[in-house]
Amino acid sequence: MTAPGSGIRFIREPVQPKTFRAGWVIKDPWTIVENGFVAVAGGQIRKIMTSAPKGEAIVDCGPGILMAPLVNTHLHLELSALQGRLPFDKGFSSWVAALLAQREAAGTRTLAAAAYKAAGSLKDLGVGLVGEVSTLGITQAALSDLSVAGVWFREYLGDESQNIHPGDESLHIRLQQGFPLSLSAAGHGPHTTSPHLLTAVKHRTRAAGLVFSIHVAESDVEMDFIAGTRGSGWRAFLSSRGIDTRTWPVGNKTPVAYLNHLGLLDDHTLGVHLLHVTDRDLDILAETGCKICLCPRSNQNLHAGLPDIASLLARNLAPALGTDSLASCGSLGIFDEMAFVRQHYRAISLPDILAMATVNGAAALGLGRYWGTLDKGKQAQFLYLEIGARTPADVMEKVTSCEI
Ligand SMILES: [Zn+2]
């Protein structure tokens, strides 16, 4: 699959009142308007119309499709330099070991340059909003310089001894509600980050009203370690990196139940992957209102498995889509991710797939007020797709299958 870069125009109208017209306007995944007009003013959408407003300047985009920018809810730009350099066929642990070694060997300057280049390609891929996760803290400048909207998560892993100064329980993190970019924080995962550190990070993001992100229920290694079965190899690996897990309350739990036990799940927590979930886990996710992001192509490459999207949708869990990094996925494009989902999940409706790529992602990042649909009051930013369509069903077919 190739992202349809040349067929996409990214439109941003910051101030001037005007009306855009297109052959088709996708207001939201369930509402498609033929010959639609979108009036904007002051950088926001005023309304969608089915006929031209009198006396107003019309910008005719063409016969194609006008829609909200896509949301890549989970990615790691700082791993872009490792694209195509890590093995997928030798198991997850080998991939992790290779990633750590190659990231170290590449050096910060190379990683940052590749991250900058990848960030610059997002708009060509139709991505207008991101949930970017950075362990090294080197990607914020790229997003800020390029005016990429979303949430930048500084990711923490290891234990408190590596992140919290002795005698200082407050954990200094730079958090900021901002527009177009907010600065928040993430925990790497239940099997890599101490419960004390996870709790401290979540405490800070909760106090700031920001979303906290964490990988959860992704790998067999993680499942075994949190369950307390066959976890000794992972325990030894963490120990070799200076992380002492002896006091962690693992054992006889799933990763979702473990995070719930720590009090980390609420409607401002974004759980990423959820590749292995039980019925009880689904209940917990629904009860806590936890947001969810899935990265199916990355899961397929690293774990030869796919998340159970139908079960998540059945619980109204509204999963979003992310790509993870270029170290585990072929592109940062969400058109590609939608096409993959469509190909591998025949039972999922096309509006549900488009919702995962737009409105669910905006909500998962806590930015549903501004992004995700073309409703009144949302940002006056659009994708125009140079694509012909005969019916609303044809529009959905083409948008979700990358035929652009
Ligand atoms: Zn990730």
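In this report, the structure presented in the accompanying data block is examined. Every chain begins its residue count from 1, and numbering advances along the sequence as written. Given that the model is predicted, a residue must reach a pLDDT of at least 70 before its local features are reported, and side-chain atom pairs must reach 80 or more before they are shown or counted; all residues, however, enter totals for whole chains, interfaces and linings. Working from all heavy atoms in the structure, the side-chain values ignore hydrogens and water.

So, on to unusual backbone geometry. Put simply, phenylalanine 179 and proline 180 share a cis peptide bond, and its omega is 10°. Secondary structure is summarised from DSSP: a helix means a run of H or I of at least four residues, a strand means a run of E of at least two, and numbering begins at the N terminus for each. Here proline 180 lies in the loop between α4 (160–163) and β9 (181–187). Backbone geometry places alanine 304, a non-glycine residue, at a positive phi of 50°. Structurally, the position occupied by alanine 304 is in the loop between α10 (296–303) and α11 (309–314).

A word on the coordination of the zinc ion. Atoms of type N, O and S within 2.8 Å of a metal are treated as its donors, and for Na, K and Ca the window is 3.2 Å; water is not considered, so some sites may appear to be missing partners. Only His74 (NE2), His76 (NE2), His215 (NE2) and Asp324 (OD) from the protein reach the zinc ion as donors, at distances of 2.1 to 2.2 Å. Coordination at the zinc ion is irregular, judged from the 4 donor atoms that bind it and the angles of 90 to 162° they form at the metal. Each label reflects the angles at the metal, where four donors whose angles all fall between 85 and 135 degrees are tetrahedral, four or six donors whose opposite pairs open beyond 155 degrees and whose other angles stay between 65 and 115 are square planar or octahedral respectively, and the rest are irregular.

It is worth spelling out the packing of aromatic side chains at this point. Each Phe, Tyr or Trp ring, with Trp reduced to its six-membered ring, pairs with another whose centre is within 6.5 Å; inter-plane angles below 30 degrees give stacked pairs, above 60 give edge-to-face pairs, and intermediate values give tilted ones. In the structure shown here, the tally under the stated rule is 6 aromatic pairs. Relative to tryptophan 371, the ring of phenylalanine 179 has its centre 6.2 Å away and its plane inclined at 10°; by these criteria the two rings are stacked. Residue phenylalanine 179 is found in the loop between α4 and β9, and its partner tryptophan 371 is found in the loop between α14 (359–364) and β14 (381–385); the two are separated by 192 residues along the sequence. Summary of the burial criterion: residues with accessible area below 20% of their type's maximum are buried, those above 50% are exposed, and those between are partly exposed, where the area comes from a 1.4 Å probe applied to protein chains only. On the basis of relative accessible area, phenylalanine 179 is assigned to the partly exposed category, the value being 47%. According to the relative accessible area criterion, tryptophan 371 is buried, its value standing at 5%. What links up through ring pairs into an aromatic cluster is the set Phe179, Tyr370 and Trp371. Whether a charge sits over a ring comes down to the Lys NZ or Arg CZ being within 6 Å of the ring centre and within 35 degrees of the ring normal. It is lysine 123 that lies over the ring of phenylalanine 10; its NZ or CZ is 5.3 Å from the centre. When the ring centre of tyrosine 156 is taken as origin, the NZ or CZ atom of arginine 154, which lies over that ring, is 5.4 Å away.

Of all 11 residues in strand β2 (residues 18–28), 9 are buried, a share of seventy percent or more. Any two strands with at least two DSSP-identified bridges between them are counted as paired. Bridging between β2 and strand β3 (residues 31–41) involves 9 bridges; their strand directions are antiparallel. Looking at the pairing, phenylalanine 20 lines up with valine 38 of β3. Counting the residues that bridge the hairpin from β2 to β3 gives 2 residues. Where β2 lies against strand β5 (residues 58–67), 6 bridges are found, and the strand directions are parallel.

Any link to function would need more than the numbers given here.
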